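Chain by chain, the residues:
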Amino acid sequence: ARSETTVGLITKSNTNPFFVKMREGAEVTAKELGLELRTFSGRYDGDNDTQVQAIENLIAVGATAILITANDPQAIVPAVQRAREAGVLVIAIDTPLDPMDAADATIATDNFKAGELIGRWAAATLGERTADARIAMLNLNPNAITVDVARDQGFLRGFGIEIHDPNVVGDETDPRIVGHDVTQGAEEGGRRAMENLLQRDPSINVVYTVNEPSAAGAFEALKAVGREHAVTIVSVDGGCAGVADVRDGVIGATAMQFPVQMAVLGVRAAAEWSRTGAMPEPSPGLAFYDTGVELITDRPAGGIPVTSSTDGLTKCWG
Amino acid sequence: MLELIHRFFHRNPTAAPGIVLLVAVAIFSAVAGDRFFQPFNLSLVLQQVTIIGLLGVAQTLIILTAGIDLSVGAIMVLASVVMGRLAVDFGWPPAAAVALGLAVGAACGTVNGVIVTRLRLPPFIVTLGTWNVFLALNLWYSRSQTIRSQDIESAAPLLQWTGRSMELLGARVTVGSLLMVLLFGVAWYALNWSAWGKHVYATGDNPQAAQLVGIRTNRVLLSVYAVGGVICAVAGWALIGRIGSVSPQAGLTANLDSITAVVIGGTSLFGGRGSVVGTLIGALIVGILRNGLALTGVDVLWQEFAVGLLIIIAVALDQWIRRI
Amino acid sequence: MLELIHRFFHRNPTAAPGIVLLVAVAIFSAVAGDRFFQPFNLSLVLQQVTIIGLLGVAQTLIILTAGIDLSVGAIMVLASVVMGRLAVDFGWPPAAAVALGLAVGAACGTVNGVIVTRLRLPPFIVTLGTWNVFLALNLWYSRSQTIRSQDIESAAPLLQWTGRSMELLGARVTVGSLLMVLLFGVAWYALNWSAWGKHVYATGDNPQAAQLVGIRTNRVLLSVYAVGGVICAVAGWALIGRIGSVSPQAGLTANLDSITAVVIGGTSLFGGRGSVVGTLIGALIVGILRNGLALTGVDVLWQEFAVGLLIIIAVALDQWIRRI
Amino acid sequence: MTGNRQSASPPMLEAHGLVKRFGRVTALDGADFELYPGEVLAVIGDNGAGKSTLIKVLSGALVPDEGEVRFGGEPVSFRSPIEARLAGIETVYQDLALSPALDIVENLFLGRERRARGILGTVFRRLDRVGMHREAGERMSELGLLTVTDLSQSVETLSGGQRQGVAVARAAVFGSRVIIMDEPTAALGVSETNRVLELIRTVRDRGTPIVLVSHNMPQVWEIADRIHVHRLGRRVAVIRPGTHSMTDGVAIMTGAMGPGERH
Amino acid sequence: MTGNRQSASPPMLEAHGLVKRFGRVTALDGADFELYPGEVLAVIGDNGAGKSTLIKVLSGALVPDEGEVRFGGEPVSFRSPIEARLAGIETVYQDLALSPALDIVENLFLGRERRARGILGTVFRRLDRVGMHREAGERMSELGLLTVTDLSQSVETLSGGQRQGVAVARAAVFGSRVIIMDEPTAALGVSETNRVLELIRTVRDRGTPIVLVSHNMPQVWEIADRIHVHRLGRRVAVIRPGTHSMTDGVAIMTGAMGPGERH
Ligand SMILES: Nc1ncnc2c1ncn2[C@@H]1O[C@H](COP(=O)(O)OP(=O)(O)OP(=O)(O)O)[C@@H](O)[C@H]1O
Ligand SMILES: Nc1ncnc2c1ncn2[C@@H]1O[C@H](COP(=O)(O)OP(=O)(O)OP(=O)(O)O)[C@@H](O)[C@H]1O
Ligand SMILES: [Mg+2]
Ligand SMILES: [Mg+2]
């Protein structure tokens, strides 16, 4: 039987486990609440056009609400506007739109803060060695998409490095940075980038990675040259594989985000809105609902509140 | 009777894919519910295929010469970024910005053409290389930053003109879609009713023979790549209209998608055989499949699966129709 | 003298790209500092091209028949996921898991081959479709979950065997790299010293003629796609060795990269002309360019730019050497 | 001298009522055909009369729309040239069917490569390249075609006549029960042509029947035992060099003379 | 009858010491060539002698490694067939140079398409398809090649002879100063061949000189004014049908007789 309420979920890509789990969470919740969920995704990180098409198609099927993790938070705005004009509730998930009020509500996580957290932890862990740290930055791709930039810059800020323009990667002049390379967010890219940066400077001892798969790849490269214990790897995401990597000492610390929770909250909010017209409440003191970040590590440092990998494994998203 | 049918398909090589298109529409009308077969939704499909359709025109011309252009997506984005930056950030008059954007497209295409003809390198390698180059230029010139819709609206509404839509029998047709249809018409005329068109076919079919009969194949190739570049720039303009803003991230799958439309439309990747109308139909088939699947509410994962399967089925059906 | 050189290049069609490779090595040795020209770094390049090289073997075979395979990356990942899931999640004996992975590769290739030969569809469309299909199957079967290196190590170390490395004069050569070199050797032998190889060339060169002289071109095509599938599965195994883990996200750019290696290696996309050794050299050229550029510390954006430019220059140089 | 057998023995290869249409064009329109053991049968006819189409149907390269083909008395329906070849019909096609990028030796042995002796051949399936190269040289010089200096020259770089020579040499290499040649000497020089005619005689004398399509009337009248005259997609007459003059033959072929005087 | 002019007027097209090498093969090895106004010059020679290579050099399709070409007394160096054609040299190549996927009309007018009259033609550059179609039909039937029923049949579906007919008709359509034909009748039937020979005579009588490459000796002796004998990449003799018998010609061509008796 077709239900009254149709909710669309548009994720950035359909291969990244982060979004796959988000989708699964949304599906479960939608079933609980008796909603019909339609899922869409971009075809690559940064794919705006497919997301625009998804919004149009959702308008055409008469969706009640759209949850979107925007690949390009600025470029998607006109399409979102059209949806809202058609009476659809649009909730930005994971990534706030720019401007943020382009969406009816935002349930997101602060990627800059996630980066900052692991940056601070890395600095604290190194202690006095911070001054002559050798840092490798493993980013996503050369396109400088928002998450990539925010996590990268957040890490550097947290580590105590002057970042100049927070929208631009690589304008730092700090000599401790060995270099930036790109990983496509996958293991093979992580390994290749790590190998190449190690060739430039074999004494690298801090590795920032944009996500956990690239961290796992970087670890393989380090293992191949026997430096895996001399290097601190930090990452962002909080997938179960990543948390297990923290437990096993592959990753020093990772900033856990909560995609499933975002999806669940988003679907609930959509259901609530369609029943009562009530808008979701933002977190206190913020313009959006923040699902937060937690630092997962088994080696607390610098007094930063942390969650152990054992606890982390109970919360991780997949 | 059979004789007549044969003759019909021989005379109208695009009839077979046309029938496939109709079949696809009919099936989705049955499966995807009444929302699918509505003027509004069908015009949506037209809007959704505008970009790939425009790039498909350029790609068809190039593939007919036995070439391939992997840089169409990059040229498109670069042109749109140039238009946006000039008009919004540097305050150029919008018309001048558009003109320079088109000129950039022509320049990019000409670069491809010059390398292909002067150095005699395989177009695949040349355009793969320039694809990297143009994308890097695009990221550098745009500083990887999106130009927001609101800013364009206030500074240079002409850039968004291609996105303006008009009501036509309950359908909403955008200027961009009309531009696409227009360019398909022009390309069709040029290929079928001008000497240049015949030379394009001859060059792709048998370059040695074309040269021996006195066709300046290098000039033909150069003109095709340059014209292709301009059409890509038009696609860039249409892209601004379509998404409202200028995004340097766009267009990564555009190369593959445009080639797909060309091949589904029955044009041979070996050159010399095919038609530009086929490409339009090819683009529409893919658009219909994606839109229809979306309306049926299939999970994204299985949507991709189904798109893959249906593309094969569509082309198989097309071949089968031709053979009976 | 010139006569001798001509003869040399005629007899050794891979000599020209080989020279280009040496030139590239020489230039980067000068530019990228002493870190570049070291056994260890060069063996690193070999490791980095292992996956693309293996896929390149499959791609070469298919392109020689005037086909193309856009699904190599998807087959590779699917095979690796099958191996990983069976061995780690379902506790199969690792050898059986590997065997089944290879069988899956063969099955995927056979599906491609059957559609290409039975329905006579363009390989581009067929493999584009199956690419979508295989990727969806891969995401579904893997549940989009990575299987971690540590879990594989304890449950099925055989899967990581391809990543084991040995010291050779200061270089570290992995089993995967050796496997790649071995497969290149086998493919070279088969193409040059077996009747099957001649039939592959003839099928791609002039399929009608091949059929008229009594070659069962459909069988040849089928065997090529099936063998290609198995080689992709071997690449999947090598992938596990390389990244330690099993990741359903891998291999997205593998199709384009493998075709690039083939074309840089001098094989014609129109079939019938080329060599598998050229592909190895092509893959190495790209690997050297990327590694060398990374060592110079240029910004990633400009690395992409330079890769594009250098690929064109490399192939132009290759052509120029052949012409003098 | 061996051409009188057709009344004695049944036809070796025959066809009845062959029809083949290509869209609007009817290339074969109820064509009959008979080839008797040990004879040279010439097929003559205007351009576009359907000679090559007939040949292609007989050799399995085309499947007829209607009609039947019999080989050795048995009805056969070849669905590919391979089947015809396995049955012993060897054909030289008008458009030569060569692989331009492969070299002369490779083309000569295409589809019938020879393997090396011993374990290399059986287990490693290694080709006997040296042996094939030597034999190719012998064949080509037998046909007087060793104007080619380099047997590893790719076929696309050969002159028109050399290319045709390769195609003829290929069919001549292999023993078979019937040889069909579609204009085999069109591009050949004088001496090469004579060699091919000699070859045809030799083969015929060994008892293998030969079908020869040709536009060269003197040649046909010189070598043929019987002449099949094709016109507008069907056989209009079968004549003999002894009973009809060349002028008669051409007249029947072009329709200037009725096929009444058929024997 | 018009063949005695060469002493009177200077050569129209001539070449000296042409050398052309392809890798290890030397196709032209110091070849000379002269064509006088108003004559039919036959070029004969064995397969692979270098006749087609010579033709391609004269028509600009190949650039010689050494040697010079003069046209109307002036040294020329054509770097492409277009230049030769613009200078007035029209060529029928041995491999026909047709575009298989295009149809007969399109092939006939390829590179010389005719535009519609009026604004459609000048501004919209529209082709005069109807006019070209009509004219193509006329030309083809003049050559007796209207065995083709459908002028919009693509060239690849034509029979071998029909294809050659299209190539010959293409060269015949357009007025030019010199016509070169490389084995134009190899695949043609008897009547078609006669029409082409007639055509050659007509053109010659209009004063346009013709170069005819052929392996058909009776044909050569029938139509040629002078005969250029090519052997191993160079001209070994120039003879006349009147002074040498066919047997002599063939003997010189194959090297059995020295070119001593050259006139
Ligand atoms: N594939 C095809 N499609 C359409 N028409 C064809 C095809 N093949 C042959 N024909 C037509 O069939 C007729 C007979 O062709 P065929 O090649 O048998 O002639 P032929 O007697 O061999 O002539 P020739 O002496 O010129 O070789 C011709 O009119 C030709 O145009
Ligand atoms: N592109 C090429 N590469 C290598 N060798 C070539 C090439 N073109 C021609 N040749 C060689 O040059 C020689 C002369 O060839 P050409 O085509 O001129 O001969 P021809 O006299 O026209 O012979 P035919 O009577 O057979 O047409 C031949 O031995 C041929 O193999
Ligand atoms: Mg024929
Ligand atoms: Mg010749």
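Residues numbered from 1 in each chain as written. Chains lettered and ligands numbered in written order. Predicted model: local features only at pLDDT ≥ 70, side-chain atom pairs only at ≥ 80, totals over all residues. Heavy atoms only, no water.

A look at a nonpolar patch on the surface
Residues and elements named next belong to chain B.
No. 1: On the surface, I19, V23, I27 and V31 cluster together into a nonpolar patch covering about 310 Å² of accessible area.
No. 2: Considering the arrangement of structural elements, one finds V31 in helix α2 (residues 15–31).
No. 3: Here V31 falls in the exposed class, since its relative accessible area comes to 57%. (Patch = residues over 30% accessible without salt bridge, like charges linked within 9 Å, V, L, I, M, F, W, Y side chains within 5 Å. Areas by Shrake-Rupley, 256 points an atom, 1.4 Å probe, with all protein chains shown as cover. Salt bridge = Lys/Arg side-chain N within 4 Å of Asp/Glu carboxyl O. Helix = DSSP H or I, 4+ residues; strand = E, 2+ residues; numbered from the N terminus. Buried < 20%, exposed > 50% of the residue type's maximum accessible area, 1.4 Å probe, protein only.)

Thoughts on the sheet that holds strand β2 (residues 25–35) of chain E
Residue and element names in this part refer to chain E.
No. 1: On the basis of which strands lie adjacent, the open sheet formed by 4 strands has the order β2-β1-β4-β5 and antiparallel pairing. A strand with exactly one partner marks an edge of an open sheet, and here the two such strands are β2 and β5 (74–76). Sheet twist, expressed as the mean angle between neighbouring strand axes with direction ignored, is 30 degrees.
No. 2: Examined bridge by bridge, strand β1 (residues 13–22) and strand β4 (residues 66–71) share 5 bridges and lie antiparallel to one another. Counted as the bridge partner of H16 is E68 from β4. (Pairing = 2+ DSSP bridges. Axes fitted to C-alpha atoms, helices over the stretch in contact; angles between N-to-C directions.)

A closer look at helix α3 (residues 39–64) of chain B
Three or four residues apart is the spacing at which side chains of an α-helix point the same way, because the helix has 3.6 residues per turn.
All names here are of chain B.
No. 1: At T50, α3 shows its largest bend, some 50 degrees.
No. 2: By the criterion of burial, α3 is predominantly enclosed, with 22 of the 26 residues buried.
No. 3: Once α3 ends, the next one or two residues include A66, with phi positive near 70 degrees. (Bend = angle between axes of the 7 residues up to and from the residue.)

Looking at the interface of chain B and chain C
No. 1: Counting residues at the interface gives 40 residues for chain B and 40 residues for chain C.
No. 2: Among the residues of chain B in contact with chain C, B:F124, B:I125 and B:I312 are the three that bury the most area, contributing 17% of the side total.
No. 3: Taken together, chain B and chain C are joined by 0 salt bridges.
No. 4: Of all the elements in the fold, those that place two or more residues in the side of chain B that touches chain C are α6 (123–142), α12 (254–264) and α14 (300–323) of chain B. (Contact = heavy atoms within 4.5 Å. Buried area = accessible area lost by both parts, 1.4 Å probe.)

Focus on the coordination of the magnesium ion (ligand 3)
No. 1: Surrounding the magnesium ion (ligand 3) are the protein donor atoms D:S52 (OG) and D:Q94 (OE1), at 1.9 to 2.1 Å. Taken as a pair, D:S52 in helix α1 (residues 51–58) and D:Q94 in the loop between β6 (89–92) and α3 (104–108) lie far apart in primary sequence, 42 residues in all. (Donors = N, O, S within 2.8 Å, 3.2 Å for Na, K, Ca; no water.)

Focus: the site of ligand 1
No. 1: Inspection of the region around ligand 1 gives 21 residues, with D:K51, D:S52, D:T53, E:S159 and E:G161 positioned closest.
No. 2: A distance of 2.8 Å is found between an oxygen atom of ligand 1 and a backbone nitrogen or oxygen belonging to D:G50.
No. 3: D:T53 has a polar side-chain atom sitting 2.5 Å from an oxygen atom of ligand 1.
No. 4: Protein chains shield 87% of the accessible area of ligand 1, which is 630 Å² for the free molecule.
No. 5: At the level of secondary structure, the elements contributing two or more residues to the shell around ligand 1 comprise β2 (25–35) and α1 of chain D together with α6 (160–173) of chain E.
No. 6: A class-by-class count of the residues in the shell around ligand 1 yields 5 nonpolar, 13 polar and 3 charged. (Near = heavy atom within 4 Å. Polar contact = N/O pair within 3.5 Å; in protein donor to acceptor, adjacent residues only side chain to side chain. Nonpolar A, V, L, I, M, F, W, Y, C, P; charged D, E, K, R; others polar.)

With respect to the environment of D:E142
No. 1: You can see D:E142 is positioned in helix α5 (residues 129–142).
No. 2: With 23 residues separating them in the primary sequence, D:E142 and D:I119 have C-alpha atoms 32 Å apart.

What about the site of ligand 2?
No. 1: What surrounds ligand 2 is a group of 21 residues, the closest being D:S159, D:G161, E:K51, E:S52 and E:T53.
No. 2: Neighbouring residues of ligand 2 are not confined to a single chain but are spread across chains D and E.
No. 3: The contact in question runs from an oxygen atom of ligand 2 to an N or O atom on the side chain of D:S159, over 2.6 Å.
No. 4: Interatomic distance of 3.2 Å between a backbone N/O atom of E:A49 and an oxygen atom of ligand 2.
No. 5: Taken by itself ligand 2 offers 640 Å² of open surface, and the protein chains cover 87% of this.
No. 6: Considering only residue class, the shell around ligand 2 consists of 5 nonpolar, 13 polar and 3 charged.

Notes on empty space enclosed by the protein
No. 1: Tallying each qualifying case throughout the model produces 3 cavities of 30 Å³ or more.
No. 2: Volume-wise, the largest cavity comes out at about 140 Å³.
No. 3: Lining the largest cavity are 17 residues, with C:L212, D:R85, D:E90, D:T91 and D:Y93 sitting closest to its centre.
No. 4: Of all the secondary structure elements, the ones that give two or more residues to the lining of the largest cavity are α2 (81–87), β6 and α6 (160–173) of chain D.
No. 5: With 4 residues, the single largest contributor to the lining of the largest cavity is β6(D).
No. 6: Partitioning the lining of the largest cavity into residue classes produces 11 nonpolar, 2 polar and 4 charged.
No. 7: Empty space within the second largest cavity amounts to approximately 100 Å³.
No. 8: Along its surface, the second largest cavity is lined by B:L212, B:V213, E:S59, E:P81, E:A84, E:R85, E:I89, E:E90, E:T91, E:Y93, E:R112 and E:R170.
No. 9: Of all elements in the fold, only α2 (81–87) and β6 (89–92) of chain E reach the threshold of two or more residues within the lining of the second largest cavity.
No. 10: Among the residues forming the lining of the second largest cavity, the class breakdown is 6 nonpolar, 2 polar and 4 charged. (1 Å grid on protein atoms, 1.4 Å probe; cavity = no way out; pocket = protein on both sides within 12 Å on 5 of 7 lines; lining within 4 Å. Points joined across faces, edges and corners; volume = space filled by probe spheres on them.)

A short note on the packing of aromatic side chains
Residue and element names in this part refer to chain B.
No. 1: A complete count under the given rule lists 15 aromatic pairs over all chains for this structure.
No. 2: Summarising the aromatic geometry, the rings of F28 and F36 are spaced 5.8 Å apart at their centres and angled 40 degrees between planes, so their arrangement reads as tilted.
No. 3: F36 sits in the buried class, given a relative accessible area of 0%.
No. 4: Taken together, a centroid distance of 5.3 Å and an interplanar angle of 75 degrees make the contact between W302 and F305 edge-to-face. You can see W302 and its partner F305 sitting in helix α14, 3 residues apart, about one turn around the helix.
No. 5: Here W302 falls in the partly exposed class, since its relative accessible area comes to 29%. (Phe/Tyr/Trp six-rings, centres within 6.5 Å; stacked < 30°, edge-to-face > 60°.)

Some words on the relation of the copies chain B and chain C
The two chain copies are related to each other by a rotation about an axis together with a translation along it.
No. 1: Taken as rigid bodies, chain B and chain C are interconverted by a rotation of 180 degrees and an axial shift of 0.1 Å, the fit giving an RMSD of 0.1 Å. As the rotation angle and translation indicate, the two copies are arranged about a two-fold axis. Relative to the rotation axis, the C-alpha of B:F270 is the closest in chain B, positioned 3.3 Å from it.
No. 2: Most of the interface of chain B is mirrored in chain C: 100% of its interface residues are interface residues there too. (Least-squares fit on C-alpha atoms with pLDDT ≥ 70 in both.)

Some details on the side chain of B:D299
No. 1: Topologically, B:D299 is positioned in the loop between α13 (276–296) and α14.
No. 2: Of the residues examined, B:D299 reaches a relative accessible area of 19% and is grouped as buried.
No. 3: Excluding residues within four positions of it along the chain, B:D299 makes contact with A:R23, A:E27 and A:T39.

What about the pattern of salt bridges?
No. 1: Across all of its chains, the model carries 63 salt bridges over all chains by this definition.
No. 2: As a salt-bridge pair, C:R148 and A:D248 come within 2.5 Å of each other at their nearest N and O atoms. With C:R148 in the loop between α6 (123–142) and α7 (149–155) and A:D248 in the loop between α8 (240–247) and β10 (253–256), this pair bridges two chains.
No. 3: The class of A:D248 is partly exposed, set by a relative accessible area of 33%.

Remarks on the packing of helix α6 (residues 187–200) of chain A against helix α7 (residues 212–224) of chain A
Residues and elements named next belong to chain A.
No. 1: Contact pair α6 / α7: the axes reach a minimum separation of 6 Å and the direction vectors enclose 45 degrees. Classified by the angle between their axes, α6 and α7 sit oblique to one another. Handedness of the crossing formed by α6 with α7: right-handed. Between α6 and α7, the contacting residues are E187, G190, R191, M194, E195 and L198 on the first element and P213, S214, A216, G217, A218, E220, A221, L222 and A224 on the second.
No. 2: Classifying every residue of the contact of α6 with α7 gives 8 nonpolar, 3 polar and 4 charged. (Parallel < 35°, antiparallel > 145°, perpendicular 65-115°, else oblique. Left-handed = near helix turned anticlockwise from the far one by under 90°.)

Topic: the pairing of β1(E)
Residues and elements named next belong to chain E.
No. 1: Alignment of β1 against β2, held across 8 bridges, turns out to be antiparallel. Bridging from a neighbouring strand, R21 pairs with T26 of β2.
No. 2: The hairpin turn running from β1 into β2, its antiparallel successor, is 2 residues long, and G23 in that turn takes a positive phi close to 55 degrees.

Remarks on the sheet that holds strand β10 (residues 234–239) of chain D
Residue and element names in this part refer to chain D.
No. 1: If you trace the 6 strands from one edge of the open sheet to the other, you get β6-β7-β8-β3-β9-β10, paired in mixed fashion. The open sheet has two free edges, formed respectively by β6 and β10, since each of these has just one partner strand. On average, each strand axis in the sheet is inclined to that of its neighbour by 20 degrees, with strand direction left out of account.
No. 2: Here helix α7 (residues 190–205) sits on the sheet and contacts β3 (40–45), β7 (178–182) and β8 (210–213); the angle it forms with β8, its principal contact strand, is near 155 degrees.
No. 3: Sheet strands touched by helix α9 (residues 246–254): β3, β9 (226–231) and β10. Its angle to β9, the strand with the most contacts, is close to 30 degrees.

Some thoughts on the side chain of A:D47
All names here are of chain A.
No. 1: Mapped onto the elements, D47 comes out in the loop between β2 (36–41) and α2 (49–61).
No. 2: The side chain of D47 sits in the buried core without any salt bridge; R43 is the nearest counter-charge, 5.2 Å away.
No. 3: Polar contacts involving the side chain of D47 include one to the main-chain amide nitrogen of D49, which spans 3.3 Å.
No. 4: Residue contacts for D47: discarding those within four places in its chain leaves G42 and N71. (Lys, Arg positive; Asp, Glu negative; His and termini not counted.)

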